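Below, each chain spelled out in residue letters.
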Amino acid sequence: MTKVNNRSVIRRLALRDMISNRKMNCVVIVSIMLTCILFTALTSIGGSLINGAQQETMRQVGGNKMAGVKWVLPEDLEKLEADNYVFDVVYRIIVGYAVNEDMKLSAEFNYAGNDEAAKAMFSYPKTGRLPENIDDIAVSTLVLDSLGIEHKIGEKVPIKLDIDGNVLDYTFTLCGYWDGDKVALAQICWVSQAFIKEYAPTPSESFYSQEHVKYAGYYMVDFNYANSWDIEGKTNALIERLYEDGNAPDTGINWAYTTSSVDAGSLVCGIVMAFIVFAAGYLIIYNIFYINISANIRSYGLLKTIGTTSRQIKTMVRFRAALYCAVGIPLGLIAGTLLGKLLIKAVVTILNTYSADSYSISPKLLFLICLISAAFTFTTVMVSCSKPCRYAGNVSPIEALRYSGTDIHTKKKDKKTGKVTPLSIAHSNMMRSRKKTVVVVLSLTLSMVLVNTLFTVLGGIDRDKYVGNSIVGDIVIRHNSKTDLWDDLTKGVTTEMIEDIRTIDGADVHPVYFEKGSVVPQGKQLEQIRTLNSKYGSEESISIELDAALKGEYIANIYGIDEKLAECFEPIEGSIDIKKLMTGKYAIVHTYLWNAEGDSSVELYHAGDKITVECGGREHEYEVMAVCGVPYSISTKVYSIFSTQVIIPTDEYMSLTDEPAATCIMINTDDSSGRVKEQCRAYCDQKGCPLVYFDKQTYLDEFSDLLRMVKLLGGTLTAVLALIGILNFVNAVVTGIISRKREIAMMNAVGMTGSQTKRMLMWEGIYYALLTALFSAAGSTVLSLLFIKGAAKELFFFSYHFTLMPICIGVPVLLIISMIIPYAVYMKICQKGIVDRMRETE
Amino acid sequence: MSVLKTEELKKIYGSDAAEVQALKGVSISVEQGEFVAVVGTSGSGKSTLLHMLGGIDRPTSGKVFVDGKDVFSLNDEELTIFRRRKIGFVFQAFNLVPTLNVYENIVFPIQLDGSAVDEEYVNSVITTLGLENLLNRLPNQLSGGQQQRAAIARALASKPAIVLADEPTGNLDSKTSMDVIGLLKVTGQKFSQTIVLITHNEAIAQMADRIIRIEDGNVYTQKQTLNGISGSENKGGDIND
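1. Some thoughts on the nonpolar core
Part 1 of the reasoning: The biggest cluster of nonpolar side chains holds 157 residues, and the ones touching the most others in it are Ile 285 of chain A together with Val 38, Ala 153 and Val 196 of chain B.
Part 2 of the reasoning: Sort the elements by how many residues they give to this core and helix H2 (residues 22-61) of chain A lands first, with 13 residues.
Part 3 of the reasoning: In this view, Ala 153 of chain B contacts Ile 106, Val 125, Ile 126, Leu 129 and Leu 131 of chain B; residues no more than four positions away in its chain are not counted.
Part 4 of the reasoning: Judged by nonpolar contacts, the second largest core, of 61 residues, contains Ile 477, Ile 501, Tyr 554 and Val 589 of chain A.

Dropping the structure here:
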């Protein structure tokens, strides 16, 4: 085919067409904007959360490079630097780690290859510089704090440095420091090249061929690839490329790039959201184009008559759509980013993450978000206008010239005669362009169904169930366990503390005592442990524990409880007879194996079995009364890989141990004034007391935070969707009335009064509202019964209730809108006399 | 007895420099049962006159009496009701409600009024116009001539005081035009309806009892046609200017 240069004339035509259609321009641009806002806001939040999680993981890992090779020599570094597929190569040299007694955190000593290497480890001095002199040191403020050293350049920093087993006492001089990150697993301390030369010189043999493993002096080289796709594959390929002889070093992959990738649930959630936005955008943009092309079908017919091809007409419509995008998308991006920023700020505040800055959006990410949103919106617009576009292109010239824009396309030959009333005419009018009606109704339905779903979900979240799982009794007091010491975690509440709290008037105190012991498994249990070993033993840490158990004993977590606490237990197997339990001959047990949650074969002991427990050097035998774990809120909250909880009455517990102590205390109170709670809290808050106070309110607060976030995000989404729906409705009604101006004028001329006309038009609006109500009710019911009810079973804190309340509230509002708008539009067109309206041609 | 009378009807569009005097004081009267044609070139003011007669446009000054009632003393709502009871309209195009079938269109003004349809009368109008087989059709399934016949039927159905037709044959070929005007005249006579017809077609105008010629907003001749002479002597109104 010959290429004809007709672009400019087609474009000019499209542009002129646009200029003459101001009202449509506004509506299209606003709807493109809204669609774009939704996409941008959603991708911003999604991007921020993913990025935030990734950043946080990177800070835990302590590096932002994608991969690295470990314990190599300078020649390996050179090889990597020369490779074409590897970028941003940085290296550090290992020295050792600090073993100062008063230092409670782990501090690694390294030499940074350059500034970039320090930055890549999030450890670049904010004040001062990297070390240059032999005694220079740069550390984080956390290290300084733990050593009790002032944040000041030039301070002396005495370190006991373990270099491959040899401890070196060395006093460094502080040359630089930065704000330490509590998230990081280890703190990095930088030393100078001179120091390295002296104390950790480059070894001569490869790390991997050593007889006695030494670390000092080896290089850790980290680098990036062009992108983060399949880092593992790229690393394997790199190693094969560089080490053809097979003597390859160990490699490491930054799991921030792999594990932080979205899980299936959020991915589905994201896709569903994107689809909803797409659908909303499609429905409105399609409708506007369709209505507009129907109204201008004559001019398209005329264009065809004078020789415009169908392809040229399609190009015209598409060009118009692209122009609208050019205006609408940038506006939408700006508004969407702002909205996204606000939402992220709110979400981060609500989530209360202590690394809020990780969630801020970098310019690079923002650019990506804008790019994705723009592409999404553009695709939506183009997909939406493709059908109306074909319709315009395929119009036949003759038909188009006859088409009045208000004709009815009915295949039915005749229409049965009925009584003519404003209502019946409204009905026929609705039927005349079924497509338009359906699209508007669907658009409105979308937001209605979403509100209803959101409401069902929020309404179904059961505060009592949620909090009930988090706390037993009115108050729980336990050790703050900031030290992370096993004894603090498990036996942090001493008998003295318990006595102190008992003195609080009106507090009904029930300590949950704890002691560590061991279980001596017998034949039947040993058999079962073997089975478990073959099932889960592939994991090394599990098989070590199970092998140990097979040798004769494993960990028993012994709890001592009273009658009141026993009431809180909900047995999985057997039943709890509290009186019988209190005799001390019985025990409630529950066995735990890491990674095997939900597998009932893990329960080694069943009701009626005998269990032998060793504690304090003596063996005790109990009969198993029931299988049941300690409720989470009063348990130690620490888990061994393989252990059995043995729950016995307090008196029996006391006879086992010489050092009784509780993991926590449950307190009940009848006091409604809050005095008891106040006193308990005051006791925990006093200086030097390591206890923390929890009550229902603590959890309720946490819970309302969660709800607030769902409400905020869901509410914003539905609000914008509702806006789109209403815009679509208004546009359909307004254009519907304007295109029938002459018809309405004629009806007025032959005797339809103003009030009758208004009634007819209002009925049309009501039709939309009622259809929407019907569709929404049906859609919500299906969604609610089919999906939410099913999903509800998965969540322990969810009680499903069927509701259509939001629709019942929404429909009257919609009815009012659907009556006001036609009324207003009619009043507007009535400003012109009948004669003028009848004369007017489109 | 004159069923329709105007007194010094004036209509001015626009103001100051852009002022256009569409009607410059027209006084005419039409007798019961008369078939009057209003002719004039385009822009002469004939359509404006018809709109005033039918009460769908208000004059700048002057009065219109239909059945002795001062039409413009009514407010808009009353005027609309007055129209559907007293005046039948036939327009050049876009005459019928596209969503209603022919019968529904015919009885549309009556039903809007909430009054009972005089079935016998309506049926005889329908038969006279030859619409009996088209009653369940929708307007877009009819030819132009059929549509105008349906419009005439609607104009007559409520037994109005006058039927006003604004170039009802403007969109039709000459044969169909003659047929439609013939039918209009026949039904008018049969049901003794007063008809005012606007046209710029002389042949059609000749079918009327009397021709009012309008030019530049003034009525300047009122000519009795041959049809009119046989009916009544000098039914004319005043001649202005």
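2. As for unusual backbone geometry
Residues and elements named next belong to chain B.
Part 1 of the reasoning: A positive phi angle is found at Asp 67, which is not glycine, with a value near 55°.
Part 2 of the reasoning: Mapped onto the secondary structure, Asp 67 falls in the loop between strand S5 (61-66) and strand S6 (69-70).
Part 3 of the reasoning: Backbone geometry at Ser 192 places phi at a positive 40°, although glycine is not the residue there.
Part 4 of the reasoning: Among the structural elements, Ser 192 can be located in the loop between helix H6 (174-190) and strand S9 (194-199).
Part 5 of the reasoning: A tally of 8 C-beta atoms within 10 Å means that Ser 192 is categorised as exposed.

3. Section: H6 of chain B
Residues and elements named next belong to chain B.
Part 1 of the reasoning: For H6, with 17 residues, the first-to-last C-alpha span of 24 Å sits near the 24 Å given by 1.5 Å per residue.
Part 2 of the reasoning: What H6 keeps buried is the set Ser 177, Val 180, Ile 181, Leu 184, Thr 187 and Gly 188. The buried residues of H6 occupy an angular sector of 130° when projected down its axis, which confines them to one face. In H6, the exposed residues that point more than 90 degrees away from the buried face are Lys 175, Gly 182, Val 186 and Lys 190.
Part 3 of the reasoning: Close packing links the buried residues of H6 with strand S4 (35-39), helix H4 (119-128), helix H5 (144-157), strand S8 (162-166), S9 and helix H7 (202-205).
Part 4 of the reasoning: At the C-terminal side of H6, Ser 192 shows a positive phi close to 40°.

4. Some words on the pairing of strand S11 (residues 475-479) of chain A
Residue and element names in this part refer to chain A.
Part 1 of the reasoning: Where burial is concerned, most of S11 is hidden: 5 out of the 5 residues are buried.
Part 2 of the reasoning: The pairing of S11 with strand S20 (residues 661-668) spans 4 bridges and is antiparallel. Its bridge partner being in S20, Arg 478 is matched across the sheet by Cys 664.
Part 3 of the reasoning: Sheet topology places S11 next to strand S21 (residues 691-695); 5 bridges connect them, and they run antiparallel. Residue pairing across strands places Ile 477 opposite Tyr 693, the latter belonging to S21.

5. Quick word on the confidence of the model for chain B
Caution applies to low-pLDDT parts of the model: their predicted coordinates are not meant to be read in detail.
Residue and element names in this part refer to chain B.
Part 1 of the reasoning: Taken residue by residue, chain B gives an average pLDDT of 83. The fraction at 70 or more is 91%.
Part 2 of the reasoning: Scored below 50 in pLDDT, residues 229-241 shows 20 contacts in the model against residues more than four places distant or in partner chains.
Part 3 of the reasoning: Among the prediction metrics, the complex's ipTM stands at 0.80, with pTM recorded as 0.66.

6. Things to note about the interface of chain B and chain A
Part 1 of the reasoning: The interface is formed by 31 residues belonging to chain B together with 30 residues belonging to chain A.
Part 2 of the reasoning: Put simply, the parts of the chain that give the side of chain B that touches chain A at least two residues each are helix H2 (76-86) and helix H3 (102-113) of chain B.
Part 3 of the reasoning: Here the side of chain B that touches chain A gets 8 residues from one element, more than from any other, and that element is H3 of chain B.
Part 4 of the reasoning: Looking at the side of chain B that touches chain A, its residues break down into 14 nonpolar, 8 polar and 9 charged.

What counts as what
- Residues numbered from 1 in each chain as written.
- Chains lettered and ligands numbered in written order.
- Predicted model: local features only at pLDDT ≥ 70, side-chain atom pairs only at ≥ 80, totals over all residues.
- Core = buried A, V, L, I, M, F, W, Y, C linked by C-beta atoms within 7 Å.
- Buried ≥ 20, exposed ≤ 12 C-beta atoms within 10 Å, placed from the backbone.
- Helix = DSSP H or I, 4+ residues; strand = E, 2+ residues; numbered from the N terminus.
- Contact = placed C-beta atoms within 7 Å.
- Expected span 1.5 Å × (residues − 1).
- Arc of directions from axis to C-beta.
- Pairing = 2+ DSSP bridges.
- pLDDT = per-residue confidence, 0-100.
- Nonpolar A, V, L, I, M, F, W, Y, C, P; charged D, E, K, R; others polar.

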